[in-house]
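# Reading the structure
Below are the chains, spelled out letter by letter.
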Amino acid sequence: MNLQDAQNAMQADGVFFSRSKDATGAGRSQIVDRNWIVVAQSPGPGTPIGEGDAVLSVVKYGEPNSCG
């Protein structure tokens, strides 16, 4: 799922603030959210979250990742 769609899904569930980070460790900013793929999240799926609790780890489309 791209970063924008993941954020939209969280907002549909009432959480409007999340954080994202470059999963490569390069520290790149996510300017255009649709250009990034979520490859991991913390806390894990199904865990209740509040504002600011979610951290989405992302890579740019076309970069190697564990999501195939």
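Conventions adopted
Residues numbered from 1 in each chain as written. Predicted model: local features only at pLDDT ≥ 70, side-chain atom pairs only at ≥ 80, totals over all residues. Heavy atoms only, no water. Helix = DSSP H or I, 4+ residues; strand = E, 2+ residues; numbered from the N terminus. Buried < 20%, exposed > 50% of the residue type's maximum accessible area, 1.4 Å probe, protein only. Areas by Shrake-Rupley, 256 points an atom, 1.4 Å probe, with all protein chains shown as cover. Lys, Arg positive; Asp, Glu negative; His and termini not counted. Charge placed at Lys NZ, Arg CZ, Asp CG, Glu CD. Pairing = 2+ DSSP bridges. Axes fitted to C-alpha atoms, helices over the stretch in contact; angles between N-to-C directions. 1 Å grid on protein atoms, 1.4 Å probe; cavity = no way out; pocket = protein on both sides within 12 Å on 5 of 7 lines; lining within 4 Å. Points joined across faces, edges and corners; volume = space filled by probe spheres on them. Nonpolar A, V, L, I, M, F, W, Y, C, P; charged D, E, K, R; others polar.

Quick look at the overall build of the chain now. Scanning the chain for helices and strands turns up one helix and three strands. Along its sequence from the N terminus, the chain presents helices and strands in the succession α-β-β-β. A principal-axis box enclosing the C-alpha atoms of the chain has dimensions of 30 × 20 × 20 Å. Within the span of the chain, comprising 68 residues, buried residues form 31% of the whole. Taken as a whole, the chain presents about 4,200 Å² of accessible surface, with 52% of it coming from carbon and sulfur. Positive and negative charge centroids in the chain, built from 5 and 7 side chains respectively, lie 7 Å apart.

Once that is clear, we can look at the sheet that holds strand β3 (residues 55–60). The strand order across the open sheet formed by three strands is β1-β3-β2, and the pairing between neighbours is mixed. Because the sheet does not close on itself, it has two edges, and the strands there are β1 (19–22) and β2 (36–42). Neighbour to neighbour, the strand axes of the sheet diverge by 35° on average, direction disregarded. Where β2 meets β3, six bridges bridge the pair, whose relative direction is antiparallel.

At the junction of S42 and P43, the peptide bond is cis and its omega measures out at -5° in the coordinates. Structurally, the position occupied by P43 is in the loop between β2 and β3.

Before going further, it helps to examine the layout of surface pockets. Left-over empty space is what a probe sized like a water molecule reveals as it rolls over the atoms. Volume-wise, the largest pocket comes out at about 320 Å³. What lines the largest pocket is a set of 18 residues, among which M10, Q41, I49, A54 and L56 lie closest to the centre. Of all the secondary-structure elements, those providing two or more residues to the lining of the largest pocket are α1 (3–12) and β2. Classifying every residue of the lining of the largest pocket gives twelve nonpolar, five polar and one charged.

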